[in-house]
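Now for the letters of each chain:
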Amino acid sequence: RYWRDWSSDVCSSDLFPIAQEVTESSLDLLSNRELEVFRLIGNGLRTIEIAKALGLSHKTIESYREKIKLKLNLNHASELLQSAIQFNRLEEFLP
């Protein structure tokens, strides 16, 4: 099963309240590159580290971070980080 297929079941619990909000609002709106950046944020990488890993400038990664926050209706970097960490945790349960 794909993440989107089972995430609503897992996220409906109170264990992942922010992940539920993100799932319901728009992970489908993220481009493949934005989703890749989102995963790396969840792995704890800083902007400069993501830029080096992807061979992009830090300004490009900052732009991706802002687009992700906008699409997921997140207001702060801390919300982005928390949501990305929870997303990565949920993905670990994929069969």
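Our subject is the structure listed above.
Bear in mind that the values here come from a model prediction, so they are computed numbers and not experimental data.

**Notes on unusual backbone geometry**
Next up, step 1: The residue Asn73 is not glycine, and still its phi comes out positive at about 60°.
Next up, step 2: Inspection of the secondary structure assignment puts Asn73 in the loop between α5 (58–71) and α6 (77–91).
Next up, step 3: Taking relative accessible area as the criterion, Asn73 reaches 54% and is therefore assigned exposed.

**A short note on helix α4 (residues 47–54)**
Next up, step 1: Residues of α4 that are buried include every one of Thr47, Ile50, Ala51 and Leu54, and no others. Down the axis of α4, the sector holding all buried residues measures 100°, keeping them to one side. Across α4 from its buried face, at more than 90 degrees, point the exposed residues Lys52 and Ala53.
Next up, step 2: One or two positions beyond α4, positive phi appears at Gly55, with a value near 70°.

Basis of the calculations
- Residues numbered from 1 in each chain as written.
- Predicted model: local features only at pLDDT ≥ 70, side-chain atom pairs only at ≥ 80, totals over all residues.
- Heavy atoms only, no water.
- Helix = DSSP H or I, 4+ residues; strand = E, 2+ residues; numbered from the N terminus.
- Buried < 20%, exposed > 50% of the residue type's maximum accessible area, 1.4 Å probe, protein only.
- Arc of directions from axis to C-beta.

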